[in-house]
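The lines below spell out each chain.
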Amino acid sequence: MDILNVNNISKVYGKSIMFNALDNLSFNVEEGEFIGIMGPSGSGKTTLLNVVSTVDKPTVGEIKLNGKDILHLKGDELALFRRRKLGFVFQDFNLIDTLTIGENIVLPLTLDKVEEKEQDKRLIEIATILGIGDLLNKRTYEVSGGQAQRASIARALINKPSILLADEPTGNLDSKSAKDVMETFEKINRENKVTTMMVTHDPLVASYCNRILFIKDGSIYNEIYKGEDRAQFYQEIIDVLALLGGRN
Ligand code: ADP
Ligand code: MG
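As the structure is a prediction and not an experimental result, all values here were calculated from the model. (Residues numbered from 1 in each chain as written. Chains lettered and ligands numbered in written order. Predicted model: local features only at pLDDT ≥ 70, side-chain atom pairs only at ≥ 80, totals over all residues. Heavy atoms only, no water.)

## A few points about the site of ligand 1
For the record, the criterion: Here a residue counts as near a molecule or strand whenever at least one of its heavy atoms sits within 4 Å of it. Whenever two N or O atoms come within 3.5 Å, that pair is a polar contact, provided that in protein one can donate a hydrogen and the other can accept it, and provided that, for residues adjacent in sequence, both atoms are side-chain atoms. The method behind every accessible area is Shrake-Rupley, applied with a 1.4 Å probe, and residues are considered shielded solely by the protein chains displayed.
For ligand 1, the full set of nearby residues is Y13, F19, A21, P40, S41, G42, S43, G44, K45, T46 and T47. A distance of 3.3 Å is found between a nitrogen atom of ligand 1 and a side-chain nitrogen or oxygen belonging to Y13. Interatomic distance of 2.9 Å between a side-chain N/O atom of T46 and an oxygen atom of ligand 1. Here ligand 1 has 570 Å² of accessible area as a free molecule, and 57% of this is covered by the chains.

## Considering the pairing of strand β10 (residues 219–225)
Counted only if it meets this: Here, strands pair whenever DSSP counts at least two bridges between them. Per the convention used, a helix needs a DSSP run of H or I reaching at least four residues, while a strand needs a run of E reaching at least two, with both numbered from the N terminus.
Pairing of strand β9 (residues 211–216) with β10, which is carried by six bridges, proceeds in the antiparallel orientation. Bridge pairing in β10 links R211 to Y225. In this structure, the hairpin formed by β9 and β10 is closed by a connection of two residues, where D217 is found at a positive phi of approximately 45 degrees.

## A word on the side chain of T140
Put simply, the test is: Working rule for contacts: check all heavy atoms of both residues, and any pair within 4.5 Å makes them a contact.
Relative to the helices and strands, T140 is located in the loop between α4 (116–129) and α5 (145–157). Reaching out from T140, the side chain makes a polar contact with the side chain of D97 at a distance of 2.8 Å. If we ignore the near neighbours within four places in the chain, the residues touching T140 are L95, I96, D97, L99, I101 and N104.

## A look at the sheet that holds β9
Here is the rule we go by: All axes here are fitted lines through C-alpha atoms, helices being fitted over the stretch that makes contact, and every angle between N-to-C directions spans 0 to 180 degrees.
In space, the six strands of this open sheet follow the order β6-β7-β8-β3-β9-β10, with mixed pairing throughout. Two strands in the sheet have a free side with no partner beyond their single neighbour: β6 (86–89) and β10. Taken over all neighbouring pairs, the strand axes of this sheet differ in orientation by 20 degrees on average, direction set aside. Relative to the sheet, helix α2 (residues 75–85) contacts β6 and β7 (163–167), its axis offset from that of β6 by approximately 70 degrees. Docked against the sheet, helix α8 (residues 230–244) engages β3 (34–38), β9 and β10, running at close to 160 degrees with respect to β10.

## A word on the sheet that holds strand β2 (residues 19–30)
If you trace the four strands from one edge of the open sheet to the other, you get β2-β1-β4-β5, paired in antiparallel fashion. What marks the edges here is a single partner per strand, and that holds for β2 and β5 (68–69).

## Re the packing of aromatic side chains
The line we're drawing: Two rings belonging to Phe, Tyr or Trp (six-membered ring only in the last case) form a pair when the distance between their centres is within 6.5 Å. Interplanar angles under 30 degrees mark stacking, angles over 60 mark edge-to-face geometry, and anything in between is tilted. Throughout this description, the term charge over a ring refers to an Arg CZ or Lys NZ atom that lies within 6 Å of the ring centre and within 35 degrees of the ring normal.
Within this structure, the stated rule accounts for two aromatic pairs. One Lys or Arg, R230, reaches over the ring of Y208 and ends 4.1 Å from the middle of that ring.

## A short note on the nonpolar core
Spelled out, the test is: For this analysis, a nonpolar core means a set of buried residues of the types Ala, Val, Leu, Ile, Met, Phe, Trp, Tyr and Cys, connected via side-chain atoms within 4.5 Å. For each residue, the accessible area found with a 1.4 Å probe, counting protein chains only, is set against the maximum for its type, and the residue is called buried under 20%, exposed over 50%, and partly exposed in between.
Counting 46 residues, the largest nonpolar core has I105, I153, L164, F185, I212, F214 and I237 as the members making the most contacts within it. Considering every element that reaches this core, the biggest residue donor is α5, with six residues. Once you skip the residues sitting within four places of it in the chain, I237 turns out to touch M38, P203, A206, S207, I212, F214 and I224. Grouped together as the second largest cluster of nonpolar side chains are 28 residues, L22, F27, I163 and L213 included.

Written out as structure tokens, the structure reads:
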């Protein structure tokens, strides 16, 4: 079953000189998929993530999440949609330094005025899944980059969103922490069936996905699925990137 339908979206920037950042782009994401978006710098990856996350609107086209049109939501409905149906993970974690790790993770529930007892229950549950149960009273500057990113994944998941969206989630991490974070994404996708869409320029990071959609000049260039073997998939990703050209 599809979770996400992106149908013929275009995003045009500029007035006198028009530029198609997204050009009649279509694809679907199935429930439980872990999809990676790759493409050269300027190909439209961030624009795509922004229109799916309702941060930005396409010029034309249709986007549905769970069969529901998301482009015409307004006001409270839009705010609730973002908070309850979408989980975001950013390159720079976006944790609040004056709060503890635990307080950061439950922030979406605090905003939703969920009872404290229920907040604690869900915090323990999600922190255990992400292996950060012993860090909840620490401050953001007392944990490693990998741990901070796992905390931000926990925050993104605490409302059980329909889809988890991540833009270069390993962009600020050293290679060991990046591996750690990608194993976390892989685990929650496999064991908790979290549908995930991630933008990355790093083929090793991308090899943790089940499918990669390659974008060029705002259109789909190619897509490949992972078989049994991650090392093999990594090589296939590198081969497509070589054909695709440009700076990734
Ligand atoms: P990527 O994330 O793949 O590097 P982006 O989605 O950020 O690419 O950008 C796609 C294209 O759209 C680029 O050529 C970029 O310069 C252009 N673009 C992005 N945002 C704007 C904007 N606000 N105004 C005009 N052009 C933009
Ligand atoms: Mg980008």
